[in-house]
Amino acid sequence: MKKFNTQAPSSTSSSRLTYALLAMLLVVMAGCSGLRLAYNNGDTVLYWWLNAYVDLDRDQKGWVRDDIDKLFDWHRRTQLKDYVEILRTGQKQLQGNATQADLLADYSEIKQRTQALLLKAAPELADLARSLKPEQIAQMEKKFKSNNEDYRKKYLSGDQEKRQKLRYKKAMEQFELWFGSFSSEQEAVIRKASDARPLNNEVWLDERMRRQQNVLSLVKKVHQEKLGKEATVGLITTLIKDSFERLEHSERKAFFDAYESSTAQMVMTVIKIATPAQKAHAVKRMQGWIDDFNSLATQPK
């Protein structure tokens, strides 16, 4: 990554890039029909996603693309085999007697892999953060506000029933991706399990805004103190780790624990009511992803 004199750096950029990476990986792991195509174009998607937040200038565009390419190359060579093992474990659990503890362990493993990716990117994120200009920081803050307004319109409108229905539909999109179609009787059972989860979209919005404010505070610190790369990397690393540990040390821990437990219970409910054909559908889909990841891990883009 090209080195810079400290101008108006922004860890907002680093946070947005980490969120973009995470979202991209979740999309890939969710299993779009053309996983190899999606992954092979993930670097381009990530670049344009990032550009929408900071409006990269002519100088930044080249080395940002190079850094994203290098990150994807590292991820392809070192991480995809681990994803294969996670999917193989999932296959065994579906064909055996999966427990809620198994699901929570799988979730923990995925979080660890995601954190490893973000921490790997910290030095490059620091370079990008230190290169941003004041107008790019302003663009980032404006984008935060716009996204929050979109969230309010989508998730804070309507009564409790409307919000529960929206959440249920989003869950069903994922379950149908894995298991195929469900009968009306199965859907009723899943809807009941979905509604049993605590629902408080105001909390999630507040947490979202809290993270954004933490990032903006970090931006100001780096800018005002004209921090060098090493110090910026340290701040970014701390931000990443804190974002993963936040739910464990939050004053809202009881809510987060209840949500995680009830969500795992909902997934367990789906597994228990799934027919042999539906489980076979899920195992087959996972095998397709395993084959794709194995191929991606050994072949250049």
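The structure presented is a predicted model; accordingly, all values stated were derived computationally and were not measured.

K.L.:
An account of the overall build of the protein is requested, with residue identities and associated values reported.
P.N.:
Counting its regular elements, the protein contains 14 helices and zero strands. Element order for the protein, N to C, with α for helix and β for strand: α-α-α-α-α-α-α-α-α-α-α-α-α-α. Expressed as a percentage of its 301 residues, the buried residues of the protein come to 45%. Considering only intrachain contacts with a sequence separation of at least 6, the fraction spanning at least 24 residues in the protein is 87%. Total accessible area computed for the protein in this model is approximately 15400 Å², and 54% of it derives from carbon and sulfur atoms.

K.L.:
So what's going on with the pattern of salt bridges? Residues and values would help.
P.N.:
One pass over the structure, following the stated rule, counts 17 salt bridges. The salt bridge involving D73 is made with R77; its shortest N-O contact spans 2.9 Å. You can see D73 and its partner R77 sitting in helix α4 (residues 58-78), four residues apart, about one turn around the helix. A salt bridge links R113 to D82; the nearest nitrogen and oxygen atoms lie 3.0 Å apart. Here the residue R113 occupies a position in helix α6 (residues 100-120), and D82 occupies one in helix α5 (residues 80-95), the gap between them amounting to 31 residues. Residue R113 is classed as partly exposed on the basis of its relative accessible area, which comes to 23%. Accessibility expressed as a relative area gives 23% for D82, which makes it partly exposed.

K.L.:
Break down unusual backbone geometry for me, citing the residues and quoting the values.
P.N.:
Of note in this structure, D55 is not a glycine but carries a positive phi near 55 degrees. Relative to the elements of secondary structure, D55 occurs in the loop between α3 (42-54) and α4. Located in the positive-phi region is K226, a residue other than glycine, with phi close to 50 degrees. Mapped onto the secondary structure, K226 falls in the loop between α11 (201-225) and α12 (229-249).

K.L.:
Please set out the packing of α6 against helix α13 (residues 253-273) residue by residue, giving values where relevant.
P.N.:
Contact geometry for α6 and α13: axes closest at 9 Å, N-to-C directions at 120 degrees. Handedness of the α6/α13 crossing: right-handed. Residues Q100, L103, L104 and Y107 of α6 lie in contact with α13, whose contacting residues are E260, S261, A264, Q265, V267, M268 and I271. Considered class by class, the residues forming the contact of α6 with α13 number seven nonpolar, three polar and one charged.

Conventions and cut-offs
Position labels on residues start from 1 in each chain and follow its written sequence. The model is predicted, so local features are restricted to residues of pLDDT at least 70 and side-chain atom pairs to those at 80 or more, both for listing and for counting; the totals for chains, interfaces and linings are taken over all residues. The side-chain figures draw on all heavy atoms in the structure; neither hydrogens nor water molecules are used. Numbering of helices and strands runs from the N terminus; a helix is a DSSP stretch of H or I covering at least four residues, while a strand is a stretch of E covering at least two. Relative accessible area decides the class of each residue, using a 1.4 Å probe on protein chains only: under 20% of the type maximum gives buried, over 50% gives exposed, and in between gives partly exposed. Note on contacts: a residue pair qualifies if any of its non-hydrogen atoms lie within 4.5 Å across the two residues. All accessibility values rest on the Shrake-Rupley procedure with a 1.4 Å probe; residue burial counts only the protein chains present in the view. The rule for a salt bridge is simple: a side-chain nitrogen of Lys or Arg has to be within 4 Å of a carboxyl oxygen of Asp or Glu. Axis geometry follows a simple rule: fit a line to the C-alpha atoms, using only the stretch in contact for helices, then measure angles between N-to-C directions, giving values from 0 to 180 degrees. Should the near helix be turned counterclockwise from the far one by less than a right angle, the crossing is left-handed, whereas a clockwise turn marks it as right-handed. Polarity classes work like this: nonpolar for Ala, Val, Leu, Ile, Met, Phe, Trp, Tyr, Cys and Pro, charged for Asp, Glu, Lys and Arg, and polar for all others, with Gly in that last group.

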